[in-house]
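Below, each chain spelled out in residue letters.
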Amino acid sequence: MQGDHSEVLGAVAHRGGSLVQRPELTIGVKQAISRSTGLDLDLVTRQPLDRRDATRRQHDTRVAEPVAPAPRRLLPAFDEGVDLRVGTLDDEGRAHWHFPTSWSSGSGDHFEGRSGPVHDFAFRLPPAFDEITLVLAWPEIGFPETTVTLPLPDRATADRATRSVWDAPVSAVATAERFEHHVAASCPEVDVETGTSAAAPQVLHRSDHAAIVLTRLTVVDRTTLSVGLASSARGDAAQAIRADTSRGTDSAPAIAVVADGKAFWVRSHSGSASGGAHGHSGSQDFLLPRPHDDVLDLLVAWPRAGLGEARARIPLDSP
């Protein structure tokens, strides 16, 4: 379990929301999970939408002065970054800079849209407890070095929450109840990092060879939830999924929202998967309607991995 966070639960370290709001950049916490083995931090940055049309942008590029870079105080004079840099301050005020473990980006909409360039950075930091001071810097776009101190769970809380997904309690219960099945309507796109975490990471469904884990449940606004799932399979289950993948067949886990005796199956809006000789792992993100009673009633299944339908009722913590 040491060093491999993909199959280890942890404690919610920060409930999400904005860390920094400046004209050139906003930064928010999509997810933060504390374990005895380390701190996982997922940050989303957004730059303003460029309202100029192509003609105006080309003209301004020819005549405008370049953006003046922000001064460096903690960053070295030369470093390997070209986007957001994230560091941690030690007790003596020295900055220790960290490379992201993964990242993704989008260019945003055209000048009539709603969103400018957006970047999602995942960092795996050393274990930290009680509080941590982050240093955020992006000098090339004029964003100055900014320090933010975040409260964190204490060591005992992180230790209790650090459990393998293969032996943690399971939230869902197998069900033979019959539902009228529907495809759920799509929810509008939202800025996930503006929401608030509403449930702890937990195992939703599991067998000896496969597990589905709720990694993130975020209340984004009064109408929308953002849900992150992780899945792991090993042995024969992993081999079956790997065979499906080689044929181009989608065999990912599925979830449905239960309401009024009906199951509304939700399409993921993003996801990834990887596998090898020893197993398979995947992740998916979903947008769901927020339930009126603040209890999320889910059906969870992963037929290709041998997990039939199970039902989980997850109360939402009040933001």
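Here, every reference points to the structure presented above.
For clarity, every value in this text was computed on a predicted model and none was experimentally measured. (Residues numbered from 1 in each chain as written. Predicted model: local features only at pLDDT ≥ 70, side-chain atom pairs only at ≥ 80, totals over all residues. Heavy atoms only, no water.)

Bringing the pairing of strand β6 (residues 95-98) into the picture now. Across 4 bridges, the pairing between strand β5 (residues 85-89) and β6 is antiparallel. Across the sheet, the residue bridging to Gly87 is Trp97, located in β6. Taken together, β5 and the strand that follows it, β6, pair antiparallel across an intervening segment of 5 residues, in which Gly93 is found at a positive phi of about 85°. (Pairing = 2+ DSSP bridges. Helix = DSSP H or I, 4+ residues; strand = E, 2+ residues; numbered from the N terminus.)

Looking now at the pairing of strand β22 (residues 307-315). Here strand β11 (residues 173-174) pairs with β22 via 2 bridges, running antiparallel. Note on β22: the bridge partner recorded for Ala174 is Ala310. By the bridge criterion, 7 bridges tie strand β21 (residues 295-302) to β22 in an arrangement that is antiparallel. Residue pairing across strands places Leu298 opposite Ala312, the latter belonging to β22. Two successive antiparallel strands, β21 and β22, enclose a turn made up of 4 residues, where Gly306 displays a positive phi of approximately 85°.

Read across the open sheet, the 6 strands follow the order β11-β22-β21-β17-β18-β12; overall the sheet is mixed. Either end of the sheet is taken by a strand with one partner, and the two such strands are β11 and β12 (180-183). Inspection of the sheet shows strand β17 (residues 254-259) paired to strand β18 (residues 262-265) by 4 bridges, in the antiparallel sense. Bridging across to β18, Ala256 finds its partner in Trp265.

Turning to the packing of aromatic side chains, a few remarks are in order. Taken as a whole and judged by the stated rule, the model has 1 aromatic pair. Arranged with centres 6.4 Å apart and planes meeting at 35°, the rings of Phe121 and Phe123 form a pair that is tilted. Accessibility classification places Phe121 together with Phe123 in one group, the buried group. When the ring centre of Trp166 is taken as origin, the NZ or CZ atom of Arg234, which lies over that ring, is 3.7 Å away. (Phe/Tyr/Trp six-rings, centres within 6.5 Å; stacked < 30°, edge-to-face > 60°. Buried < 20%, exposed > 50% of the residue type's maximum accessible area, 1.4 Å probe, protein only. Lys NZ or Arg CZ within 6 Å of the ring centre and 35° of its normal.)

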